[in-house]
Amino acid sequence: MAGGNERSMKALKEVWRRAENSLCADCGKPDPEWASSTLGVFICLSCSGIHRNIPSISKVKSLKMDHWDDAQVQFLAKHGNAVTKATYEAHIPIYYYQPTYNDCQVLREQWIRAKYERKEFTEPGKHLPYSDGVKEGILWKRGRDNGQFLPRKFLLSEREGCLKYFTKQDAKEPKMNVKIDVINATFQPVKIGNPNGLQITYLKDNKTRNIFVYHESGKEVVDWFNAIRSVQFHYLKVAFPIASDNEIKNRLTRKFLKEGYMEKTGPKQREAFKKRWFTLDHRRLMYFKDPLDAFAKGEVFVGSRDNGYSVQKGLPPGTQGNFSWHYGLTIVTPDREYLFTCETETDQLDWIAAFTSVINQAMTPQEYASKCLDAVSFPS
């Protein structure tokens, strides 16, 4: 009996060591320590918890702590991540967002359920709820002034190339009507305080407008997210006919590079530093009095190093404004310097890394045009 256990463990380790099984099959996290004995995939601890919630599809076991019999090991050896992905990920639409281990729970859970439970990607041409070019339904939207979430009707249309929402079910005119190419959507469960919280942003008069929504159903809110990406993808295919699918895919919804609190001072650099919430959305740095504000109190364009932009650790000598946080950084632009302080050194270094990643990228022609239009700066 002991010999059989040793033989099974040795065979299990051989399958586990295969290169294809070195990353979680669902989120890509390195060194997975769990596996599904019914699907044949190697997965991380976090994804194993999601698999556990669909026991009719997946039975998960620890690769280190649980016993694996010969038949189960042979099943893993026959399948593994590569074979299983070839089945369950055979026909993923290019616009569909495939989450990683850095993404929130609702995205990862619905990705796993879409693959194994609903089998959305096993057949070519299968009808998908986010691929119709039109989506209509109710989302709970946060009021701009009162902060209360209320049900609102949303309509997404590929034919019209826009996203609308209506304050009443029978309203004929939308409260918002935004072209799809200026929209971004990113999940914000912590900031919104709801596990299915989605932040939709768009440009209005070259200023960023935020809308915060959620849906009780994780599947529904992720379907909305992928429907937005689908409509954007097809819109951009028409707008940029010579661009490759991957180039267009990279222009769809994006996460913010960095968010969090810093202190800032005004343009005279003698005012007291004030704590504000900052969002770095690629080349747009915005600050808000509250993380859930509809509009930023100020925005500044962050250009490239070739155009005279840089980030420096610390504040200029002789800075006079009073500040309570002591980890400073300075953004240098052709027009002025922007001074910030962070609460911890870790925050300071993270912000410097985020700004450096943007500044080191060459500007595109579209970004040059955006800079020319952008007259918004940080007020005091």
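Residues numbered from 1 in each chain as written. Predicted model: local features only at pLDDT ≥ 70, side-chain atom pairs only at ≥ 80, totals over all residues. Heavy atoms only, no water.

## Points about the packing of aromatic side chains
Considering all chains together, one arrives at 19 aromatic pairs under this definition. Where Tyr-96 meets Trp-111, the ring centres are 5.9 Å apart and the plane angle is 35 degrees; that geometry is what we call tilted. Of this pair, Tyr-96 sits in the loop between helix H4 (80-88) and helix H5 (105-117) while Trp-111 sits in helix H5, placing them 15 residues apart in sequence. Among the residues examined, Tyr-96 registers a relative accessible area of 3% and is labelled buried. Taking relative accessible area as the criterion, Trp-111 reaches 3% and is therefore assigned buried. (Phe/Tyr/Trp six-rings, centres within 6.5 Å; stacked < 30°, edge-to-face > 60°. Helix = DSSP H or I, 4+ residues; strand = E, 2+ residues; numbered from the N terminus. Buried < 20%, exposed > 50% of the residue type's maximum accessible area, 1.4 Å probe, protein only.)

## Some remarks on the UniProt feature "domain: PH" (unreviewed entry) in the protein
According to UniProt, the "domain: PH" (unreviewed entry) feature falls on residues 132-233 and 255-360. Counted over residues 132-233, helix gives 20% and strand 46%. Its end C-alpha atoms are 13 Å apart. (UniProt positions renumbered as here; feature names shortened; annotations may be inferred.)

## Digging into the sheet that holds strand S10 (residues 207-214)
Spatially, the 7 strands line up as an open sheet ordered S7-S6-S5-S4-S10-S9-S8, and their pairing is antiparallel. The open sheet has two free edges, formed respectively by strand S7 (176-179) and strand S8 (183-187), since each of these has just one partner strand. When strand polarity is set aside, the average angle formed by the axes of neighbouring strands in this sheet is 35 degrees. Note that strand S9 (residues 198-204) and S10 share 7 bridges and pair antiparallel. Directly across from Leu-203, in S10, lies its bridge partner Thr-208. (Pairing = 2+ DSSP bridges. Axes fitted to C-alpha atoms, helices over the stretch in contact; angles between N-to-C directions.)

## Examining the pattern of salt bridges
Proximity of charged atoms lets side chains of opposite charge pair with each other. One pass over the structure, following the stated rule, counts 18 salt bridges. Its salt-bridge partner being Arg-113, residue Glu-109 comes within 3.0 Å of it at the nearest N-O pair. Linking Glu-109 with Arg-113, this pair stays in helix H5, spanning 4 residues, or about one helical turn. The buried category is assigned to Arg-113, whose relative accessible area is 15%. Measuring nitrogen to oxygen at the nearest pair gives 3.7 Å for the salt bridge that ties Glu-160 to Arg-159. By relative accessible area, Glu-160 is classed as partly exposed at 31%. Classification of Arg-159 by relative accessible area gives exposed; the value is 74%. A network of salt bridges, in which partner residues are shared, links Asp-26, Lys-85, Glu-89 and Lys-115. (Salt bridge = Lys/Arg side-chain N within 4 Å of Asp/Glu carboxyl O.)

## Digging into the sheet that holds strand S1 (residues 34-36)
Across the sheet, which stays open at both edges, the 3 strands sit in the order S2-S1-S3 with antiparallel pairing between neighbours. Two strands in the sheet have a free side with no partner beyond their single neighbour: strand S2 (42-43) and strand S3 (60-62). Sheet analysis places S1 next to S3, joined by 3 bridges and oriented antiparallel. Bridged to Ala-35 within S3 is Lys-61.

## Observations concerning the side chain of Ser-310
Inspection of the secondary structure assignment puts Ser-310 in strand S15 (residues 310-313). With near-sequence residues (within four places) excluded, Ser-310 lies in contact with Arg-305, Thr-330, Ile-331, Val-332 and Ile-359. (Contact = heavy atoms within 4.5 Å.)

## Observations concerning unusual backbone geometry
Positive phi values are uncommon outside glycine, yet Asp-31 reaches one of about 60 degrees. Within the secondary structure, Asp-31 sits in the loop between helix H1 (2-16) and S1.

## Topic: the UniProt feature "domain: Arf-GAP" (unreviewed entry) in the protein
In this structure's numbering, the residues bearing the UniProt feature "domain: Arf-GAP" (unreviewed entry) are residues 6-129. Strand forms 6% of residues 6-129 and helix 40%; the C-alpha atoms that close the span are 48 Å apart.

## Some remarks on the domain arrangement of the protein
Annotation of the protein at the domain level lists domain 1 (1-117), domain 2 (134-250) and domain 3 (258-376). Placing the centre of domain 1 and that of domain 3 at their C-alpha centroids yields a distance of 42 Å. (Domains from an automatic or database assignment.)

## Topic: the confidence of the model for the protein
Segments scoring low in pLDDT should not have their predicted coordinates read at a detailed level. Per-residue confidence for the protein gives a mean pLDDT of 91, with 95% of residues at or over 70. At the level of individual helices and strands, the protein shows its lowest average pLDDT in helix H10 (residues 365-373), which scores 62, and its highest in H5, which scores 98. (pLDDT = per-residue confidence, 0-100.)

## Section: the pairing of S9
The element S9 is extensively covered by neighbouring structure, given that 5 of its 7 residues are classed as buried. Bridging between S8 and S9 involves 5 bridges; their strand directions are antiparallel. Bridging across to S9, Ile-183 finds its partner in Tyr-202. Counting the residues in the hairpin turn of S9 and S10 gives 2 residues, including Asp-205, whose phi is positive at 55 degrees.

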